Amino acid sequence: MQVKEYQDVMVSFLLHEPFYAFFLSNLIVSFGSDVPTIGVSLDTPPRLRINRDFFESLDKKYRVGVLKHEVLHLVFCHPLRLGSRDLRLFNVAADLAVNEHIERSQLPGDVVTVDDFNEQFDLNLPHRLSAEEYYELLLKNAVTIEIELVGGSGARAGDGSGEDEGGKGAGGGSGAGEAGKVRIKVSVKGKTANYSGYHGEPEISGAAEVLEPYMKDLVQQVLNSAKSCGNLPGSLVAAIEAVYKTKVNWRRVLFRFLSGRGRMIPKMTYLKESKRFPEYPGKRKMVGLRALAAIDTSGSMTNEQLSEAFGQLRHISRVSGTDIWVVWGDVRCEGGPVPLAHVARNKVRIKGRGGTDLQWPFEIADKDRFPLVVYFTDGYGPAPQSAAQRTLWVLTKDGQRPAPFGDTVVLEV
């Protein structure tokens, strides 16, 4: 059963930062005393385990920060990226990477941050690097780490060059006492500072070759959902994409978007005989969707890209039976809507190479009651803030998301 404090944070995430709400909703969240503070069990799906007393003891803003902290460790797959690195040093490097994407006001004053490291130890660590990059910089500066489990039996300490018994991945130590804090002692070239940690070591119950693709798929789904709601910092998106470096197959996304189950349309066919009237044609039920494909002809798309786009649309229409209509233009409609087959037969000449206004196709979609809109564009130009249609923005390589609604994919020829 979830505690009220956790539900309050989830409501705040849903209203202001849906990325975290979407991700947490895909985890199994449990409250109890089996962990001193907070930790994760890597399984499919992952489990977030929270010590109820610890969570209730935090200020509201710190509850937000702690949950963000755990989510981002999972999003960046830190528990699966330790490799042969020293656990303690990598823990701190991972914390540095994660805390760069959390507002400082949501983090307690004694946690590990890049700004504090630079100030305390006269370092010059850059902002928003990966955990691996911070690890190499800490190693280069002869950083040693000691972790003490405060107030609990079995407390241990060690330096940054030793093997941490029982270490299974990034996530730091876990301990009881002092609201479950973990005391982290950092030494750099004779200077020493103490910090606190909260999260515990993750339990990895599945094979990395299974968990990693699962996490990648989960993050991509959540990322797409959160992008459609807006309020997702570009720096966070860039950091996530840098970790996964995966290319989305835009043809597959387009096919799935346009080939869903639509209304049943009876069609006459001579390939089968009517059951009621011999020698008369029978009826075949076709699954059909109606979609409007809008083509930006302002110069943002090359002829090669236009040809590829039409080729994919024709393939999808032929295979799925989707009824696709086409409009094209720049600041205004230059042609259409016409059936896709008319364009395929070169009965329509694409023209219009001026500026761009992305609003008029949705007015046509409203008027003609199209439930789906696919927009091929670079995304630069005024766009509506909402739409009644499910929308897929197929953007050029250097394009941008033009509106807070719909899904996006990059067209690569």
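What counts and what doesn't
Residues numbered from 1 in each chain as written. Predicted model: local features only at pLDDT ≥ 70, side-chain atom pairs only at ≥ 80, totals over all residues. Heavy atoms only, no water. pLDDT = per-residue confidence, 0-100. Helix = DSSP H or I, 4+ residues; strand = E, 2+ residues; numbered from the N terminus. Pairing = 2+ DSSP bridges. Axes fitted to C-alpha atoms, helices over the stretch in contact; angles between N-to-C directions. Parallel < 35°, antiparallel > 145°, perpendicular 65-115°, else oblique. Contact = heavy atoms within 4.5 Å. Nonpolar A, V, L, I, M, F, W, Y, C, P; charged D, E, K, R; others polar. Phe/Tyr/Trp six-rings, centres within 6.5 Å; stacked < 30°, edge-to-face > 60°. Buried < 20%, exposed > 50% of the residue type's maximum accessible area, 1.4 Å probe, protein only. Lys NZ or Arg CZ within 6 Å of the ring centre and 35° of its normal. Salt bridge = Lys/Arg side-chain N within 4 Å of Asp/Glu carboxyl O. Core = buried A, V, L, I, M, F, W, Y, C linked by side-chain atoms within 4.5 Å. Left-handed = near helix turned anticlockwise from the far one by under 90°. Right-handed = clockwise from strand over helix to strand, strands pointing away.

Of all residues in the protein chain, 76% attain a pLDDT of 70 or more, and the chain-wide mean is 78. Highest mean pLDDT in the protein chain belongs to helix α13 (residues 360-368) (96); lowest belongs to strand β7 (residues 203-204) (52).

Read across the open sheet, the 6 strands follow the order β12-β11-β10-β13-β14-β15; overall the sheet is mixed. Each having just a single partner strand, β12 (333-339) and β15 (407-410) make up the two edges of the open sheet. Adjacent strand axes in the sheet meet at a mean angle of 20°, parallel and antiparallel pairs treated alike. By the bridge criterion, 5 bridges tie strand β10 (residues 290-296) to strand β13 (residues 372-377) in an arrangement that is parallel. Bridge assignment links Ile295 to a residue of β13, and that residue is Phe376.

This paragraph deals with the packing of helix α1 (residues 4-16) against helix α2 (residues 18-25). Two elements in contact, α1 and α2, have axes whose closest approach is 6 Å; the angle formed by their N-to-C orientations is 130°. Classed by the angle they form, the pair α1 and α2 counts as oblique. Along its contact with α1, which presents Tyr6, Met10, Phe13, Leu14 and His16, the element α2 presents Pro18, Tyr20, Ala21, Phe22, Leu24 and Ser25. For the contact of α1 with α2, the class distribution of residues is 9 nonpolar, 2 polar and no charged.

With that settled, the discussion passes to the packing of aromatic side chains. Evaluation of the coordinates by the stated rule reveals 13 aromatic pairs. When the centroid spacing of 6.4 Å and the interplanar angle of 55° are considered together, the rings of Tyr6 and Phe55 count as tilted. Within this pair, whereas Tyr6 is found in helix α1, its partner Phe55 is found in helix α3 (residues 52-57), the two being separated by 49 residues in sequence. Summarising the aromatic geometry, the rings of Phe90 and Tyr135 are spaced 6.2 Å apart at their centres and angled 55° between planes, so their arrangement reads as tilted. Highlighted residues: Phe90 in helix α5 (residues 87-99) and Tyr135 in helix α7 (residues 131-140), separated in sequence by 45 residues. By relative accessible area, Phe90 is classed as buried at 0%. Across from the ring centre of Tyr135, 5.8 Å away, lies the NZ or CZ of Arg85, which sits over that ring. The positively charged end of Arg290 is found above the aromatic ring belonging to Phe370, 4.2 Å away from the centroid.

We now examine the pattern of salt bridges. For the structure shown, the criterion picks out 7 salt bridges. Where Arg52 meets Glu56, a salt bridge forms, and the shortest distance between an N and an O atom there is 3.2 Å. Taken together, the residues span about one helical turn, with Arg52 and Glu56 both in helix α3 at a distance of 4 residues. Judged by its relative accessible area of 36%, Arg52 is partly exposed. For the salt bridge of Lys191 with Asp122, the shortest nitrogen-to-oxygen distance reads 2.3 Å. Here the residue Lys191 occupies a position in strand β6 (residues 191-197), and Asp122 occupies one in the loop between α6 (114-121) and α7, the gap between them amounting to 69 residues.

Right, let's get into the nonpolar core. Burial of nonpolar side chains together is a common tendency in soluble globular proteins. Core analysis: the biggest nonpolar cluster contains 46 residues, and Tyr6, Phe19, Phe23 and Leu67 have the highest contact counts within it. The element best represented in this core is helix α4 (residues 60-75), accounting for 8 residues. Among all residues touching Leu67, those that are not within four sequence positions of it are Tyr6, Val9, Phe13, Leu24, Ile38, Leu48, Ile50 and Phe55.

Where α4 meets α5, the closest approach of the two axes is 9 Å, and the angle between their N-to-C directions is 110°. On the basis of the axis angle, α4 is roughly perpendicular to α5. Once α4 is placed against α5, the crossing between them reads as right-handed. Across from His69, Leu72 and His73 in α4, the residues of α5 making contact are Ala94, Asp95, Val98 and Asn99.

Right, let's talk about the pairing of β10 for a bit. The element β10 is extensively covered by neighbouring structure, given that 6 of its 7 residues are classed as buried. Pairing of β10 with strand β11 (residues 323-329) involves 7 bridges; the strand directions are parallel. Paired with Leu292 across the two strands is Trp325, which belongs to β11. Of the crossover connections in this fold, the one passing from β10 over helix α11 (residues 303-320) to the parallel β11 is right-handed.

Before going further, it helps to examine the pairing of β12. Of the strand pairs in this sheet, β11 and β12 are connected by 4 bridges, and their pairing is antiparallel. What sits directly across from Gly329, in β12, is Cys333.

Moving on to unusual backbone geometry. Of note, the bond from Gly336 into Pro337 is cis; its omega dihedral lies within 30 degrees of zero at 5°. Along the chain, Pro337 turns up in strand β12. Positive phi values are uncommon outside glycine, yet Arg128 reaches one of about 55°. For Arg128, the location among the structural elements is in the loop between α6 and α7. Judged by its relative accessible area of 49%, Arg128 falls in the partly exposed class.

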